[in-house]
Amino acid sequence: MNDIQGEQGFSIYRLRWIGYGLLILSLLDTIAVLIPANFGNRVWELQTIGAVVERVPVPLLAMTLIFFGEGYDRRSLEDIFLKFLSWICLLLALVFLLMLPLGLFGTIYVNNQNNKQITNQANQQLAQLQQVEERLNKGTPEDLKNLGTELNRLGVPADTQNPQELKTQILSRITPAKERLQAQSAVVQSNQRLGLFKNAIKWLLGALISSVLFFMLWRGTDWAR
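About the cut-offs
Residues numbered from 1 in each chain as written. Predicted model: local features only at pLDDT ≥ 70, side-chain atom pairs only at ≥ 80, totals over all residues. Heavy atoms only, no water. Helix = DSSP H or I, 4+ residues; strand = E, 2+ residues; numbered from the N terminus. Axes fitted to C-alpha atoms, helices over the stretch in contact; angles between N-to-C directions. Parallel < 35°, antiparallel > 145°, perpendicular 65-115°, else oblique. Left-handed = near helix turned anticlockwise from the far one by under 90°. Contact = heavy atoms within 4.5 Å. Nonpolar A, V, L, I, M, F, W, Y, C, P; charged D, E, K, R; others polar. Salt bridge = Lys/Arg side-chain N within 4 Å of Asp/Glu carboxyl O. Buried < 20%, exposed > 50% of the residue type's maximum accessible area, 1.4 Å probe, protein only. Phe/Tyr/Trp six-rings, centres within 6.5 Å; stacked < 30°, edge-to-face > 60°. Patch = residues over 30% accessible without salt bridge, like charges linked within 9 Å, V, L, I, M, F, W, Y side chains within 5 Å. Areas by Shrake-Rupley, 256 points an atom, 1.4 Å probe, with all protein chains shown as cover.

Undergrad: So what exactly am I meant to see when it comes to the environment of Trp218 here?
TA: Tracing the backbone shows Trp218 in helix 6 (residues 163-220). A C-alpha to C-alpha distance of 5.4 Å links Trp218 and Cys89, two positions 129 residues apart in sequence.

Undergrad: How should I be thinking about the packing of helix 2 (residues 42-55) against helix 4 (residues 76-138) in this particular structure?
TA: The description of two helices packed together rests on the angle between their axes and the distance between the axes. Running from amino to carboxyl end, helix 2 crosses helix 4 at an angle of 135 degrees, the nearest separation of the two axes being 9 Å. When the axes of helix 2 and helix 4 are compared, the pair comes out oblique. You can see that helix 2 and helix 4 cross each other, and the crossing is left-handed. Contacts between helix 2 and helix 4 pair Arg42, Val43, Glu45, Leu46, Ile49, Val52 and Val53 from the former with Phe96, Met99, Leu102, Gly103, Phe105, Gly106, Thr107, Tyr109 and Val110 from the latter. Grouping the amino acids of the contact of helix 2 with helix 4 by side-chain chemistry returns 11 nonpolar, three polar and two charged.

Undergrad: I tried to follow the pattern of salt bridges on my own but got confused; where do I start?
TA: Two side chains of opposite charge can pair, provided their charged atoms sit close to one another. This structure, assessed with the given rule, holds three salt bridges. Residues Asp29 and Arg55 are paired through a salt bridge, measuring 2.7 Å at the closest nitrogen-oxygen approach. Of the two residues, Asp29 sits in helix 1 (residues 2-34) while Arg55 sits in helix 2, which places them 26 residues apart along the sequence. Since its relative accessible area comes to 32%, Asp29 is described here as partly exposed. Overall, the relative accessible area of 32% leaves Arg55 in the partly exposed class. Glu54 is the salt-bridge partner of Lys202, the closest N and O atoms lying 3.4 Å from each other. Taken together, the positions of Lys202 in helix 6 and Glu54 in helix 2 put the pair 148 residues apart, joining distant regions of the chain.

Undergrad: Which parts of the structure should I look at to understand the packing of aromatic side chains?
TA: Under the criterion given, the structure shown has eight aromatic pairs. Ring centres of Phe39 and Trp44 lie 5.0 Å apart, and the angle between their planes is 80 degrees; on these two criteria the pair is classed as edge-to-face. Among the aromatic residues, those joined into a cluster by ring pairs are Trp17, Tyr20, Phe81 and Phe84.

Undergrad: Please explain a nonpolar patch on the surface as it appears in this structure.
TA: A cluster of nonpolar side chains, namely Leu94, Leu97, Phe197, Ile201, Leu205, Leu208, Ile209, Val212, Leu213 and Met216, defines an oily patch on the protein surface of about 890 Å² accessible area. Those elements that place two or more of their residues in the nonpolar patch are helix 4 and helix 6. Broken down by element, the nonpolar patch gets its largest block of residues, eight residues, from helix 6.

Remember that the coordinates give geometry; whether it matters functionally is a separate question.
Below is the structure:
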């Protein structure tokens with residue numbers, strides 16, 4: 001009977017030490033994620049929330065292993081640390097809960113910034129096409145001939161001997177190019193929005209679940225307090 005109890009005690013100690021090791025590794029990993037800190041930058045904050053949430057299973061498992069066996073054969077110094085660790089669980093529950101509004105606002109901000117950036121790039125390209133169109137409409141035959149020479153130099157076939165035909169050909173391509181550019185811009189925005197929202201939902205749900213689990217750990221470790 002004593003041998004069985006001794007084996008059980010050894011197993012408890014082993015699980016606890018594994019828990020302490022995982023907790024240290026998790027702490028080092030979290031520090032690496034947070035440095036260099038850039039609080040106030042919504043993009044960094046959202047990415048950091050995602051990185052922390054994706055790593056949360058390790059500290060949860062670590063604390064579960066550390067608290068395993070409750071007060072069985074604990075030393076006085078360890079009792080003090082467990083009391084501190086129990087309150088840390090409550091603090092982490094609050095931190096992950098606060099990640100919800102921070103992540104939500106961050107997602108909205110990043111989505112708006114992505115849309116703004118894509119729109120600006122599309123507008124710049126549209127402006128370039130508009131400039132070409134105006135140049136063609138206002139240009140003299142000599143200007144059109146020079147434009148054809150430039151296009152030939154760039155590897156784009158153009159009839160420099162018939163400037164009017166060249167003007168008609170290029171103008172006929174500008175409108176479809178504008179429509180294609182706008183369609184591509186809409187597709188890129190849609191794809192980026194979908195990817196962002198998928199990650200945001202995963203991270204925010206993960207933060208909520210983590211908050212609940214850390215709160216349960218705190219509630220379940222009242223013996224340590």
